[in-house]
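For reference, the chains in residue letters:
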Amino acid sequence: MKFEDLNVETKLFINGEFVEGNSKRTIDIINPTNEEILCKVSEADEVDVDLAVKAAQNGFKEWNILPLDKRVDLLLNLAKALEDDIVSFQYLESYDNGVNLGFSLACMQECVRYIKYYAGFCDKIKGVTFTSPMNEEYSVKTIRVPIGVVGCISPWNYPLMMSVWKIIPAIAAGCAVILKPSELTPLTTLRLAKLMQKVGFPKGVLNIVVGYGHIAGEALTRHKDVHKVSFTGSTFVGRAIMKA
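Everything numeric in this text was worked out from a predicted model, so none of it was measured.

Right, let's get into the nonpolar core. Buried together is how nonpolar side chains tend to be arranged in soluble globular proteins. Within the largest apolar cluster, 72 residues are counted, with the highest numbers of intra-cluster contacts made by Leu75, Leu78, Val177 and Phe201. If we skip the residues at most four places from it in the chain, phenylalanine 201 touches Trp63, Leu74, Leu75, Leu78, Ile171 and Met196.

All right, on to the pairing of strand S7 (residues 149-153) then. Where burial is concerned, most of S7 is hidden: five out of the five residues are buried. Residues Val149, Gly151 and Ile153 of S7 are buried on one face, and the alternating residues Val150 and Cys152, pointing to the opposite face, are buried as well. Both S7 and strand S8 (residues 176-180) contribute to a ladder of five bridges, which runs parallel. Within S8, the residue paired with valine 150 across the bridge is valine 177. This β-α-β element, S7 to helix H5 (residues 159-172) to S8, shows right-handed connectivity.

Our focus in this paragraph is the layout of surface pockets. Reported here for the largest pocket is a volume of approximately 440 Å³. Taken together, the elements giving at least two residues each to the lining of the largest pocket come down to helix H7 (213-222) and helix H8 (235-243). For the lining of the largest pocket, the element with the highest residue contribution is H7, accounting for six residues. Along the walls of the second largest pocket sit 20 residues, with Pro146, Pro169, Ala170, Ala173 and Cys175 positioned nearest its centre. Of all elements in the fold, only helix H2 (68-84), S7, H5 and strand S10 (228-231) reach the threshold of two or more residues within the lining of the second largest pocket. Among the elements that line the lining of the second largest pocket, the one with the most residues is H5, at four residues.

Attention shifts here to helix H6 (residues 187-199). Across its 13 residues, H6 extends 19 Å between first and last C-alpha, which sits within 8% of the 18 Å expected from 1.5 Å per residue. Of all the residues in H6, the buried ones are Leu187, Thr188, Thr189, Leu190, Arg191, Leu192, Ala193, Leu195 and Met196. The first or second residue beyond H6 is glycine 200, which carries a positive phi of 105°.

Phi at lysine 24 takes a positive value of approximately 65°, unusual for a residue other than glycine. With respect to the helices and strands, the residue lysine 24 is situated in the loop between strand S2 (17-19) and strand S3 (26-31). When its relative accessible area of 57% is taken as the criterion, lysine 24 is described as exposed. A positive phi angle is found at tyrosine 158, which is not glycine, with a value near 50°. Of note, tyrosine 158 is situated in the loop between S7 and H5. Since its relative accessible area comes to 35%, tyrosine 158 is described here as partly exposed.

With that settled, the discussion passes to the side chain of glutamate 93. Turning to its location among the elements, glutamate 93 is positioned in helix H3 (residues 86-97). Here the side chain of glutamate 93 touches leucine 160 through a polar contact of 3.5 Å, landing on its backbone nitrogen. With sequence-adjacent residues up to four places away left out, glutamate 93 is seen in contact with Gly98, Val99, Ser104, Met108, Tyr158, Pro159, Leu160 and Thr188.

The next thing to look at is the packing of H5 against H6. Put simply, H5 and H6 touch, their axes get as near as 9 Å, and they point 40° apart. Judged on the interaxial angle alone, H6 and H5 are oblique. Facing Pro159, Leu160, Ser163, Val164, Ile167 and Ile171 of H5, the residues of H6 in contact are Thr188, Thr189, Leu192 and Met196. Each residue belonging to the contact of H5 with H6 can be placed in one class, and the counts come to seven nonpolar, three polar and no charged.

Thresholds, definitions, all that
Residues numbered from 1 in each chain as written. Predicted model: local features only at pLDDT ≥ 70, side-chain atom pairs only at ≥ 80, totals over all residues. Heavy atoms only, no water. Core = buried A, V, L, I, M, F, W, Y, C linked by side-chain atoms within 4.5 Å. Buried < 20%, exposed > 50% of the residue type's maximum accessible area, 1.4 Å probe, protein only. Contact = heavy atoms within 4.5 Å. Helix = DSSP H or I, 4+ residues; strand = E, 2+ residues; numbered from the N terminus. Pairing = 2+ DSSP bridges. Right-handed = clockwise from strand over helix to strand, strands pointing away. 1 Å grid on protein atoms, 1.4 Å probe; cavity = no way out; pocket = protein on both sides within 12 Å on 5 of 7 lines; lining within 4 Å. Points joined across faces, edges and corners; volume = space filled by probe spheres on them. Expected span 1.5 Å × (residues − 1). Polar contact = N/O pair within 3.5 Å; in protein donor to acceptor, adjacent residues only side chain to side chain. Axes fitted to C-alpha atoms, helices over the stretch in contact; angles between N-to-C directions. Parallel < 35°, antiparallel > 145°, perpendicular 65-115°, else oblique. Nonpolar A, V, L, I, M, F, W, Y, C, P; charged D, E, K, R; others polar.

Put into structure tokens, the structure is as follows:
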């Protein structure tokens, strides 16, 4: 399958739409097998991150009141859509990341399984209620609630799988997500956003800001309205995120 036939998304994904970045700058996406430019994607800056956070706040409100069985259905539909389009994802991952087609297919199949697995968690996140041992007239109840807006930063290797490992559990728990994928390998993650758009996820539940760590990544980890950060990468960057 030729790269030109894959209908690649190259814009940021904010509030359910693919949009150009605020700065209008782009990032070259390189095919590591021959070092040729595959395409150019929009680069996110601090303004784009702030827009993504606002979109996630609104998406969180809508997602949080959606009946749990509807969340299950949406995630299962996403898994089915990925499975139906798995060959395109397989080739796109290989072009973008340089791995062989057999390996990329195995990664895509794992993503399908993972989404199905966490679809089953949507309606099974429960609290605990028990009678107080101090006084039988009282009971104690622990309720688990979603934390809100989650910022995720994924690495260049295993691009889609690492992103799915971050996005899907947070969404299953009722949160909204802003993902900053590696600027080296963002293409399959952007394609996943297109599938989420297609199957009908509420706007803002997932936002993707492709950009550099010292700009988009730092803006995401420092943002006062991001309540949790999930990061995979180097110890050096991890320490910087902890400081932020």
